[in-house]
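Residue-level structure breakdown
Chain by chain, the residues:
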Amino acid sequence: MTATRLTLSLLNAADTDGFVALLDGVYEHSPWIAERAFAARSADGFASLAALKLALADVVRNAAIDEQLALIRAHPELAGKAMVSKTLTAESTNEQSKAGLTDCTPEEFARLQQLNADYNARFGWPFILAVRGPRGGGLSRTQIIETFARRLNAHPDIERAECLRNIHRIAEIRLNDKFGVTSALGNQVWDWAESLARFSDPGYAEQGQLTTLYLTDAHRAAAGQLADWMRECGFDEVTIDAVGNVVGVYHGKDEHAGRPGEAAAHEWPRRLLTGSHYDTVRNGGKYDGRLGILVPMVCVRELRRQGRRLKHGLEVVGFSEEEGQRYKATFLGSSALVGRFDPAWLDQADADGVVLRDLMRDAGLPATLDAIQALKRDPARYLGFVEVHIEQGPVLNELDLPLGIVTSINGSIRYVGEVRGLASHAGTTPMGRRRDAAAAVAELVLYVEDRAGAVPEVVGTVGQLQVPNGSINVIPGRCRFSLDLRATTDAARDALDADVRARLAEICERRGLSFTLERTEAAAAAPSDAAWQSRWEAAVTALGLPVHRMPSGAGHDAMKLHQAMPQAMLFQRGLNLGISHNPLEAISNDDTELCVQAFQALLDAL
């Protein structure tokens, strides 16, 4: 007999007992979560499945620590005694079997038993992992064991929160099963990203690491794959331009009906521009940048399948370079579109002595300044630029929110500096007569932390520290350091900059030291356009989700497009504490489905 499929109307019509009964098994042996979610719901009930999931997660996030720990302890160990004795709940049995935990080799089973024992001894609760994984099909036993071993070293507070997030993911998948829903569009984006990650540079590919630097063979193969997928999706025009950007155009109604040359350029309907980058950092993640190409691609595929044309055309750009990993030419791809390509870049050489101009020519690109300058877009032809991107931080993860609205991309100033004192014997120099360069920089580090932390949406980092020729018994006479200062407005950034430089001067004066400070980068803040930000907010609200506004601490291609046209961004939550620029960077198919739906809503609203 087939179980009755759960629907929102059925759930919203239920009383407390009925509501709890309908959600039985979603959270392991914890009916109190459903009870509190029912009590906190609005008079109209839950507007969407996403809203229900969030309401349940909010209950757990706001619960007492003892209640959270009881929820964690209600879950069985992986491949533990309950599995062996076949006393797992039906839901847990299904999940552990899908991950192959019922078919462990003797060696794998022994390893899991040892990990269970070590983990419980360290934390006092069972290890929780959503073994059906970010796509829902199930993690491999190797992936489970590797994750188990990695998280064994976490701080207890961090690990407790990570267990709860995995419990929410388990609950999400169980709810999907009850409602009979699948994230088909999210799965497609996830699958594309997984497939694109097979292109990795030599030296990294052999180790299973993803590295795709500008115009390497792997980079060019990734561009070719994106172009092929765009054609399969139904884009009307697909090209790889003079700097390696992959450009797909899906015409709007009027543009599709016309013929080139039939109307003056100013009479053509304007397009919406979107996209992100497909290059990566060394040993990076699969979704940084690439998510912002693949999400609009799947939207175009759906429009084409439905035989629909929007009023305005959509132009999707896979920017060839954003990370600045091979050449000192960060945002090379998007700079060309706004007419900010620096001609001096063509004469740069990489670490192997390969000159950019020669590399471009060998890749079949024109390698001429005229061809590159011809890529500049006329802002009058565009409605604006929008970009979706993985958050690259922990905020949405901690709030259990799948999507966030970017209010501004932080402006930044970077320095490299050195403090100079006097290297002297650590045992014979009295404390009051030292000229310790490292101690001065340590004082500066703490000041940067305090000063940036005192102002909302301002951050400061000293990411590099080095004592040249340092020795255990020598007072540091030199200390090199870096500074990275960021804020949502240029005024806040500049105020932080001035205060940090003044404090550095004061510290060195007081300690009898000297210093040098070289500015290496300055980028203006890029506030989101109010109208486009509102469109993103409306799209998120239409999904039944609350609007969470947040700045972007990282730079994005949208910063460059901001110089030519209005822009606004949408963030998608990352898994694994929001880690990015790292192989642990991850997304779920359900979050991606919501991201695609938000993009579709934004397009429909045009």
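Further up the page is the structure itself.
About the thresholds
Residues numbered from 1 in each chain as written. Predicted model: local features only at pLDDT ≥ 70, side-chain atom pairs only at ≥ 80, totals over all residues. Heavy atoms only, no water. Helix = DSSP H or I, 4+ residues; strand = E, 2+ residues; numbered from the N terminus. Contact = heavy atoms within 4.5 Å. Polar contact = N/O pair within 3.5 Å; in protein donor to acceptor, adjacent residues only side chain to side chain. Phe/Tyr/Trp six-rings, centres within 6.5 Å; stacked < 30°, edge-to-face > 60°. Buried < 20%, exposed > 50% of the residue type's maximum accessible area, 1.4 Å probe, protein only. Lys NZ or Arg CZ within 6 Å of the ring centre and 35° of its normal. Salt bridge = Lys/Arg side-chain N within 4 Å of Asp/Glu carboxyl O.

Examining the environment of Leu-88
- Position of Leu-88 relative to the elements: it lies in the loop between helix 6 (81-84) and helix 7 (90-98).
- The spacing of Leu-88 and Glu-77 is eleven residues in sequence and 9.8 Å in space, taken between C-alpha atoms.
- In contact with Leu-88, not counting residues within four places along its chain, are Pro-76, Ala-82, Met-83, Thr-93 and Gln-96.

Quick look at the side chain of Arg-290
- Residue position: Arg-290 is located in the loop between strand 3 (271-277) and helix 14 (291-305).
- Reaching out from Arg-290, the side chain makes a polar contact with the side chain of Thr-212 at a distance of 3.2 Å.

What about the packing of aromatic side chains?
- Tallying each qualifying case throughout the model produces eleven aromatic pairs.
- Relative to Phe-385, the ring of Phe-319 lies with its centre 6.3 Å away and its plane at 55°, an arrangement referred to as tilted. Placement of Phe-319 in strand 4 (residues 313-319) and of Phe-385 in strand 5 (residues 382-390) is noted, with a sequence separation of 66 residues between them.
- According to the relative accessible area criterion, Phe-385 is buried, its value standing at 0%.
- Relative to Trp-345, the ring of Phe-341 has its centre 5.1 Å away and its plane inclined at 80°; by these criteria the two rings are edge-to-face.
- Three or more aromatic residues joined by ring pairs form one cluster here, namely Tyr-119, Phe-123, Trp-125, Phe-127 and Phe-148.
- Lying over the aromatic face of Tyr-250, Arg-309 brings its terminal NZ or CZ to 4.3 Å of the ring centre.
- In this structure, Arg-535 packs its charged tip against the face of Trp-532, placed 4.3 Å from the ring centre.

Details of the pattern of salt bridges
- All chains considered together, the criterion is met by 43 salt bridges.
- Taking the shortest distance from any N to any O, the salt bridge between Arg-308 and Asp-604 comes out at 3.0 Å. With a gap of 296 residues between them, Arg-308 in the loop between helix 14 and strand 4 and Asp-604 in helix 23 (residues 589-604) connect regions that are remote in the sequence.
- Residue Arg-493 pairs with Asp-490 through a salt bridge whose shortest N-O separation is 3.8 Å. Placement of both Arg-493 and Asp-490 in helix 20 (residues 490-511) is noted, with a separation of three residues, approximately one turn of the helix.
- Several salt bridges share partner residues, and in doing so they unite Glu-443, Arg-503, Glu-506, Arg-510 and Arg-511 into one network.

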